[in-house]
Amino acid sequence: EISDPGPSQKPEDEVEQSGSDDEISEVLHRKKAAKRPTQEIRYVTILNRVLPPTIRILAWSRVRSEFSSRFNCQTRHYKYFFSPEGLNLDLMRDAAARLIGEHDFRNLCKIDPSKQITSYRRRITRAEISRTSGGTESTSHMCVFDLVGTAFLYNQVRHIMAILFLVGSGLE
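Residues numbered from 1 in each chain as written. Predicted model: local features only at pLDDT ≥ 70, side-chain atom pairs only at ≥ 80, totals over all residues. Heavy atoms only, no water.

**Q** It is not clear to me how the overall build of the chain should be interpreted in this structure. Could you clarify?
**A** When helices and strands are counted, the chain shows four helices and four strands. In sequence order, the chain lays out its α and β elements as α-α-β-α-β-β-β-α. A separation threshold of at least 6 residues defines the contact pool for the chain, and within that pool the share at least 24 residues apart is 58%. Carbon and sulfur atoms form 51% of the exposed surface of the chain, whose accessible area is close to 13,600 Å². (Helix = DSSP H or I, 4+ residues; strand = E, 2+ residues; numbered from the N terminus. Contact = heavy atoms within 4.5 Å. Areas by Shrake-Rupley, 256 points an atom, 1.4 Å probe, with all protein chains shown as cover.)

**Q** Please explain the sheet that holds strand S2 (residues 101–104) as it appears in this structure.
**A** Sheets are built from strands paired through backbone hydrogen bonds, the pairs being either parallel or antiparallel. Reading across from one edge, S1-S4-S3-S2 is the order of the four strands in this open sheet, with antiparallel pairing throughout. Both outer strands of the open sheet, strand S1 (76–82) and S2, are each paired with one neighbouring strand and no more. Here the average twist between neighbouring strands, direction ignored, is 35°. Relative to strand S4 (residues 143–149), S1 runs antiparallel, the two being bridged by seven bridges. When the sheet's bridge partners are listed, arginine 76 is paired in S4 with glycine 149. Packed on one face of the sheet, helix H3 (residues 89–97) meets S1, strand S3 (121–131) and S4 and runs near 160° to S3. (Pairing = 2+ DSSP bridges. Axes fitted to C-alpha atoms, helices over the stretch in contact; angles between N-to-C directions.)

**Q** Just checking my understanding: could you explain the packing of H3 against helix H4 (residues 156–168) for this structure?
**A** Two numbers describe a pair of packed helices, the interaxial angle and the distance between the axes. The geometry of H3 relative to H4 is characterised by a closest axis approach of 8 Å and an angle of 140° between their N-to-C directions. Relative to H4, the element H3 is oriented oblique. Considering how the two elements wind past one another, H3 and H4 form a crossing that is right-handed. In contact with Leu91, Met92, Ala95 and Ala96 of H3, H4 contributes Leu164, Phe165, Val167 and Gly168. Considering only residue class, the contact of H3 with H4 consists of seven nonpolar, one polar and no charged. (Parallel < 35°, antiparallel > 145°, perpendicular 65-115°, else oblique. Left-handed = near helix turned anticlockwise from the far one by under 90°. Nonpolar A, V, L, I, M, F, W, Y, C, P; charged D, E, K, R; others polar.)

Here it is in structure tokens:
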């Protein structure tokens, strides 16, 4: 049903002057926002502009508002880049392969008594060391440790890398 606004009704663009300045400002802001075409924010560009060159964001995606990165993830994937200089990669690969499966990792984490963790068992589904490909000349001589699991303890990946470095150096 269409009705003529007539003299007693105000057009949509008019704002009731009896409201406070804040209310008027809010109404005008909402009306302007509703008229503006929705344009996606360029998160990758914005973040990469402020991050150091050694840290890069490659992509992002929307998630449900009730999503929790801590409780809803089915797997977590860490990539640890390092220089292989002076390291025995075969020994490190053998040690990394032994991480696969479900194990008690209490000796490979930093224990935080305030978290009251009852189980230190975690499942590792992949632990591989490989040379990187492509990249620049300065990064082409790098290796990456790919670690995939269902969950990790506090500082667990850092402790695992420390042990792998000891193994690769022949000290463990």
